[in-house]
2 protein chains.
Amino acid sequence: MSQRNTAVPSELRTLEDAEAMIAHGVCPIPPREILDKIAGKWAIQIIVATSRGPVRFTELERLIEGISRRMLTLTLRNLERDGLLERTIYPTVPPKVEYRATPMALELYEAMLTLTNWSRRHSACVAASRERYDARQTG
Amino acid sequence: MSQRNTAVPSELRTLEDAEAMIAHGVCPIPPREILDKIAGKWAIQIIVATSRGPVRFTELERLIEGISRRMLTLTLRNLERDGLLERTIYPTVPPKVEYRATPMALELYEAMLTLTNWSRRHSACVAASRERYDARQTG
DNA sequence: CTGTATCCGATCTGATACTG
DNA sequence: CAGTATCAGATCGGATACAG
């Protein structure tokens, strides 16, 4: 076989692990359908907001600054569809609906923290690089 | 002061760390301008492709399946602007230009691996959840 | 209270043709 | 080889009005 004799690591930690995957023909980055969760403008914020317990629709609308009712509904539906949010309806009048992050969503939130660390370490550097680049274009 | 007496962790590892940040009024997720790197359809793939050494424009075009010349150029420029890619021009005829991921980009790539792990663990579950959800809507 | 429906502008992406 | 320019289609997200 044409593959190197390194094993496919069960858990990726280093770039070397990623190289091993590539050597085995496996893609070391999440598929688009997963990245799209993170890409969306509101999904992560909703997961964070519902990570400590059930939250009602209107509470979310207040909590997440700038979100429109339309996008709140759409994003909630998508997250529920993916199994990242649990939706509970209380058949009262007026209706009461609660959303809560699932364990899988909490793990996603936790996985995001390495990205948060990266951005805390480097966002100033990114901003500086942008300024330099833009200055070169202008000048 | 109104804050809890937990310290702001310098490195986030657990959801508890994230809670501590929230208690201090700090957002525990990366800002939009950082998430947008990951959100883009091609950025991560380009970082991976250039992570082992300099790669030429045309090589990238071949390596990254389905990318248009336009999007390749645009994404390369954005990554260079952010300091994630280093661009080297050799003033030869015909011209030769090489792109290479910076150390900062390699760290981003590495940070992404926790997300890759998450998706490897859960993407089947997400897919199953979607099917169940869609079946409920149809039926 | 918890949504849905409709419209609209902005942005993203691809296709194609052209150039130093 | 390494781009740029232009156009068009698709998708995203916001504003607003309406409804069970």
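About the thresholds
- Residues numbered from 1 in each chain as written.
- Chains lettered and ligands numbered in written order.
- Predicted model: local features only at pLDDT ≥ 70, side-chain atom pairs only at ≥ 80, totals over all residues.
- Heavy atoms only, no water.
- Contact = heavy atoms within 4.5 Å.
- Buried area = accessible area lost by both parts, 1.4 Å probe.
- Salt bridge = Lys/Arg side-chain N within 4 Å of Asp/Glu carboxyl O.
- Polar contact = N/O pair within 3.5 Å; in protein donor to acceptor, adjacent residues only side chain to side chain.
- Helix = DSSP H or I, 4+ residues; strand = E, 2+ residues; numbered from the N terminus.
- Nonpolar A, V, L, I, M, F, W, Y, C, P; charged D, E, K, R; others polar.
- Near = heavy atom within 4 Å.
- Pairing = 2+ DSSP bridges.
- Axes fitted to C-alpha atoms, helices over the stretch in contact; angles between N-to-C directions.
- Least-squares fit on C-alpha atoms with pLDDT ≥ 70 in both.
- Buried < 20%, exposed > 50% of the residue type's maximum accessible area, 1.4 Å probe, protein only.

Trainee: I'm lost on the interface of chain B and chain A in this one. Help?
Mentor: By a frequent convention, interface size equals the accessible area lost on bringing the separate parts together. Listed by partner, the interface residues are 61 residues for chain B and 61 residues for chain A. In total, about 5800 Å² of surface goes out of reach between chain B and chain A, with carbon and sulfur atoms giving 62% of it. The largest contributions to the chain B side of the interface with chain A come from R81, W118 and R130 of chain B, which together make up 13% of the buried area. If you look at where chain B meets chain A, you find 10 salt bridges. Residue R130 of chain B pairs with D82 of chain A through a salt bridge whose shortest N-O separation is 2.5 Å. For the pair chain B and chain A, the interface holds 36 residue pairs in polar contact (both at pLDDT 80 or more). Contributing elements (two or more residues each) for the side of chain B that touches chain A: helix 1 (15-23), helix 2 (32-39), helix 3 (43-49), helix 5 (69-81) and helix 6 (103-138) of chain B. Broken down by element, the side of chain B that touches chain A gets its largest block of residues, 25 residues, from helix 6 of chain B. In terms of residue class, the side of chain B that touches chain A is built from 30 nonpolar, 13 polar and 18 charged.

Trainee: Quick question: what am I supposed to make of the side chain of T102 of chain A here?
Mentor: All names here are of chain A. For T102, the position within the fold is in the loop between strand 3 (96-101) and helix 6 (103-138). Of the polar contacts made by the side chain of T102, one reaches the backbone oxygen of G83; its length is 2.9 Å. Apart from the residues lying within four places of it in its own chain, the contact partners of T102 are G83, L84, L85 and E86.

Trainee: Quick question: what am I supposed to make of the protein's contact with DNA strand C here?
Mentor: Around DNA strand C, 19 residues are found, and the nearest of them are T58, T73, R87 and Y99 of chain A together with R70 of chain B. When the atoms of DNA strand C within 4 Å of the protein are sorted by group, sugar and phosphate make up 58%. A distance of 2.7 Å is found between a phosphate oxygen of DNA strand C and a side-chain nitrogen or oxygen belonging to Y99 of chain A. One of the side-chain nitrogen or oxygen atoms of W42 of chain B is found 3.2 Å away from a phosphate oxygen of DNA strand C. Secondary structure elements with two or more residues in the surface near DNA strand C: helix 4 (57-63), helix 5 (69-81) and strand 3 of chain A together with helix 5 of chain B.

Trainee: Would you mind going over the sheet that holds strand 1 (residues 55-56) of chain B with me for this structure?
Mentor: Strand pairs in the sheet, formed through backbone hydrogen bonds, run parallel or antiparallel to each other. Residue and element names in this part refer to chain B. The strand order across the open sheet built from three strands is 1-3-2, with neighbouring strands paired in antiparallel fashion. On the outer flanks of this sheet lie strand 1 and strand 2 (85-90), each paired with one strand and no other. Where strand 1 meets strand 3 (residues 96-101), two bridges bridge the pair, whose relative direction is antiparallel. When the bridges of strand 3 are listed, R56 appears paired with E98. Packing against the sheet, helix 5 makes contact with strand 2 and strand 3, and its axis sits at approximately 110 degrees to strand 2.

Trainee: How should I be thinking about the protein's contact with DNA strand D in this particular structure?
Mentor: Neighbouring residues of DNA strand D: 19 residues in total, closest R70 of chain A together with T58, R69, R87 and Y99 of chain B. When the atoms of DNA strand D within 4 Å of the protein are grouped by moiety, sugar and phosphate amount to 57% of the total. Here a phosphate oxygen of DNA strand D and a side-chain polar atom of K41 of chain A are 2.8 Å apart. Within the side chain of T58 of chain B, an N or O atom sits 2.6 Å from a phosphate oxygen of DNA strand D.

Trainee: Help me understand the sheet that holds strand 2 (residues 85-90) of chain A, please; the structure alone is not making it clear to me.
Mentor: Pairing is antiparallel in the open sheet, where three strands are placed in the order 1-3-2 (chain A). Pairing within the sheet leaves two strands with one partner each, and these edge strands are strand 1 (55-56) and strand 2 of chain A.

Trainee: Can you walk me through the relation of the copies chain B and chain A in this structure?
Mentor: Superposition of the two copies of the chain requires a rotation about an axis and a shift along the axis. Screw-axis analysis of chain B against chain A gives a translation of 0.0 Å along the axis, an RMSD of 0.0 Å, and a rotation angle of 180 degrees. This pairing of chains is accounted for by a two-fold axis. Looking at the rotation axis and the C-alpha trace of chain B, the residue lying nearest is A39 of chain B, at 2.2 Å. Of the residues that chain B buries at the interface, 100% are likewise interface residues in chain A, meaning the two copies contact each other through the same surface.

Trainee: Just to check I follow, could you spell out the pattern of salt bridges for this structure?
Mentor: One side chain can pair with another of opposite charge once the charged atoms of both are near each other. A complete count under the given rule lists 18 salt bridges over all chains for this structure. Linking R52 of chain A and E19 of chain B is a salt bridge whose minimum nitrogen-to-oxygen distance equals 2.8 Å. Taken together, the residues span two chains, with R52 of chain A in the loop between helix 3 (43-49) and strand 1 and E19 of chain B in helix 1. What makes E19 of chain B partly exposed here is its relative accessible area of 22%. Among the ionic pairs, K96 of chain B bridges to E98 of chain B, the shortest N-O distance being 3.9 Å.

Trainee: How should the environment of L106 of chain A be read in this particular structure?
Mentor: Position of L106 of chain A among the secondary structure elements: in helix 6. A sequence separation of 54 residues divides L106 of chain A from R52 of chain A, and the C-alpha atoms of the two residues are 9.5 Å apart. Sequence-distant contacts of L106 of chain A, that is, excluding residues within four places in its chain, are made with S51 and A101 of chain A together with L15 of chain B.

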